[in-house]
Amino acid sequence: MSMRVLHFVPSLESINGSASRRYKLAMFETMARSVDVCVLTFETGDVPLDGVLTYSNSGTDFFPRRIHNFLTDKLSSFNPDIVHIHGCWNMQAYKLFGECVIRKIPTVISLDRQLEEWHVRQNYLFCKLPKMLRFQRYMLSHAGALHFVNRQEQDSFYRFGWHPCIKAKHPLNDRGVMIEAFNLIGDMSAKDMSEKMLALYQKVIDSVPFDRMDDNELHVEDVLVLAGAVGGDAKIHVSQEYVALIKKLDCKAWRRIFLHSSDEGILDYIRVGIKVMNVPVHDVNVSGIDRFSSNMDVVGKNYYGYKSTYLKSDASLPDFERELCMSVVSMLDKINDASVHRSDFVKFGQMLRSNEYDEDLVCNKLKTMKMLDSASRLLQIMKERYALGEGFMFADPLDDNGTMKMRKKLFKSRIQ
């Protein structure tokens, strides 16, 4: 299945009249020969694009609702894998960017040298500063990647602050890539630039696999991790119809599952689960895929707060009961800190399943620490997503508003 790329250009007419940005037109046409390309614009002028699907909605700049409907309708009908926004000062671009955030569509922004000092100084107080406060800095900091056309532009961005006279200590976004404009480089063609841009798109998409996973892919990951982690110890009921559905997942879906499970530290369980369920899947070499840096370095690390320190020195509990209480506290702290991973849940479930312990001691200690309700909500999550039976639990699972908030935190943490 071909990649689907949507480009947003506020004015094609303006680009066609600019010597420094005219390269985009040839890049669009070249890119359309290998992937599905759509261009959204508000000013087309007389600019034909061979083989490129183009949508224009001229004359609606003063009707925000019509602009919103135009952008959302085209997003829905084209259903892009990635959106490339050309420009960082345009209000329509911000509206599109906001819709992409809601729909979890990854984005790339080309700055088009609009953050050069001379450009920012023009109408700074009454135009640039209000836009910075309203939307521009948010867009730049939350974009999946930023595209620069030369090293000077990239270096300028890394120093970009609230004013040209104020240099930032840290860049708004460190996911920047320099891809030079082919018309300014002697030995570079439009095809070369298009290929580099498509590689950037794939890198951005691969860096956030969870955002593009649908419900079926999430369920498949659940089933496979259970099959790989607990095997026959858990009662996992999967219908033949569901197994057939698993086998129908395309290469893009399996790529997302492998990447996400790698990020969550459960890739080995997924591979074992695939063998257990005898699913014919071509393995993905995750380590060989180019991606932006993630939180892989913290996977599996324990979170030790003051409550864990208190438990560590508590001699009233046997060794395993103390270790279990520390694991519960660490899990809850990591959930609140948005640093928990699926591997933490799997290991916690294995810990409960494979050991005998005094449930009353654990329950009373957590109650003394005023953490029993939170621990019971955690057990509810373990029951729902990791097939943990109540016979392995130290307390009754609790499903209330607090549990719903915990589910939302986990979803925002991009693990479930």
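Because the structure is predicted, anything quoted here is derived from the model rather than measured.

How each quantity is defined
Residues numbered from 1 in each chain as written. Predicted model: local features only at pLDDT ≥ 70, side-chain atom pairs only at ≥ 80, totals over all residues. Heavy atoms only, no water. Patch = residues over 30% accessible without salt bridge, like charges linked within 9 Å, V, L, I, M, F, W, Y side chains within 5 Å. Areas by Shrake-Rupley, 256 points an atom, 1.4 Å probe, with all protein chains shown as cover. Salt bridge = Lys/Arg side-chain N within 4 Å of Asp/Glu carboxyl O. Helix = DSSP H or I, 4+ residues; strand = E, 2+ residues; numbered from the N terminus. Axes fitted to C-alpha atoms, helices over the stretch in contact; angles between N-to-C directions. Parallel < 35°, antiparallel > 145°, perpendicular 65-115°, else oblique. Left-handed = near helix turned anticlockwise from the far one by under 90°. Contact = heavy atoms within 4.5 Å. Nonpolar A, V, L, I, M, F, W, Y, C, P; charged D, E, K, R; others polar. Lys, Arg positive; Asp, Glu negative; His and termini not counted. Charge placed at Lys NZ, Arg CZ, Asp CG, Glu CD. Pairing = 2+ DSSP bridges. Phe/Tyr/Trp six-rings, centres within 6.5 Å; stacked < 30°, edge-to-face > 60°. Buried < 20%, exposed > 50% of the residue type's maximum accessible area, 1.4 Å probe, protein only.

Draft legend 1. Summary view of a nonpolar patch on the surface. Together, Leu-133, Trp-162 and Ile-166 make up a nonpolar patch on the protein surface, roughly 320 Å² of accessible area in all. Relative to the assigned elements, Leu-133 resides in helix H6 (residues 124–142).

Draft legend 2. Main features of the packing of helix H14 (residues 319–336) against helix H15 (residues 342–353). Viewed as axis vectors pointing N to C, H14 and H15 meet at an angle of 155°, and their least axial separation amounts to 11 Å. On the basis of their axis angle, the class for H14 and H15 is roughly antiparallel. By crossing handedness, the relation of H14 to H15 is classed as left-handed. Residues Phe-320, Glu-323, Leu-324, Ser-327, Val-328, Met-331, Lys-334 and Ile-335 of H14 form the contact with H15, whose own contacting residues are Asp-344, Phe-345, Phe-348, Met-351 and Leu-352. A class-by-class count of the residues in the contact of H14 with H15 yields nine nonpolar, one polar and three charged.

Draft legend 3. Molecular detail of a positive patch on the surface. Side chains of Lys-405, Lys-408, Lys-409 and Lys-412 sit close together on the surface and give a patch of like positive charge. Among the secondary structure elements, Lys-409 is positioned in helix H18 (residues 401–412).

Draft legend 4. Expanded view of the sheet that holds strand E3 (residues 53–56). Read across the sheet, seven strands follow the order E3-E2-E1-E4-E5-E6-E7 without closing on themselves; strand pairing throughout is parallel. Of all strands in the sheet, those bounded by a partner on one side alone are E3 and strand E7 (176–178). Along the sheet, successive strands turn relative to each other by an average axial angle of 20°, direction set aside. Examined bridge by bridge, strand E1 (residues 4–9) and strand E2 (residues 36–41) share six bridges and lie parallel to one another. If you follow Arg-4 over to E2, its bridge partner there is Asp-36. The strands touched by helix H8 (residues 190–207) within the sheet are E1, strand E4 (82–86), strand E5 (107–110), strand E6 (145–148) and E7, with E4 carrying the most contacts at an inclination of about 120°.

Draft legend 5. Fine view of the packing of aromatic side chains. As enumerated under the stated definition, the model contains 11 aromatic pairs in all. Summarising the aromatic geometry, the rings of Phe-8 and Phe-42 are spaced 6.0 Å apart at their centres and angled 70° between planes, so their arrangement reads as edge-to-face. Here Phe-8 is found in strand E1, whereas its partner Phe-42 is found in the loop between E2 and E3, with 34 residues between them in sequence. Judged by its relative accessible area of 5%, Phe-42 falls in the buried class.

Draft legend 6. Structural context of the pattern of salt bridges. Taken as a whole, this structure holds 21 salt bridges when the rule is applied. Across the pair Lys-24 and Asp-112 runs a salt bridge, and its minimum N-O distance is 2.9 Å. With Lys-24 in helix H2 (residues 23–31) and Asp-112 in the loop between E5 and helix H5 (117–121), this pair connects stretches of sequence that are 88 residues apart. One exposure class covers both Lys-24 and Asp-112, and it is buried. Across the pair Lys-252 and Asp-81 runs a salt bridge, and its minimum N-O distance is 3.1 Å. Residue Lys-252 is found in helix H11 (residues 251–263), and its partner Asp-81 is found in the loop between helix H3 (64–78) and E4; the two are separated by 171 residues along the sequence. The class of Asp-81 is buried, set by a relative accessible area of 15%.

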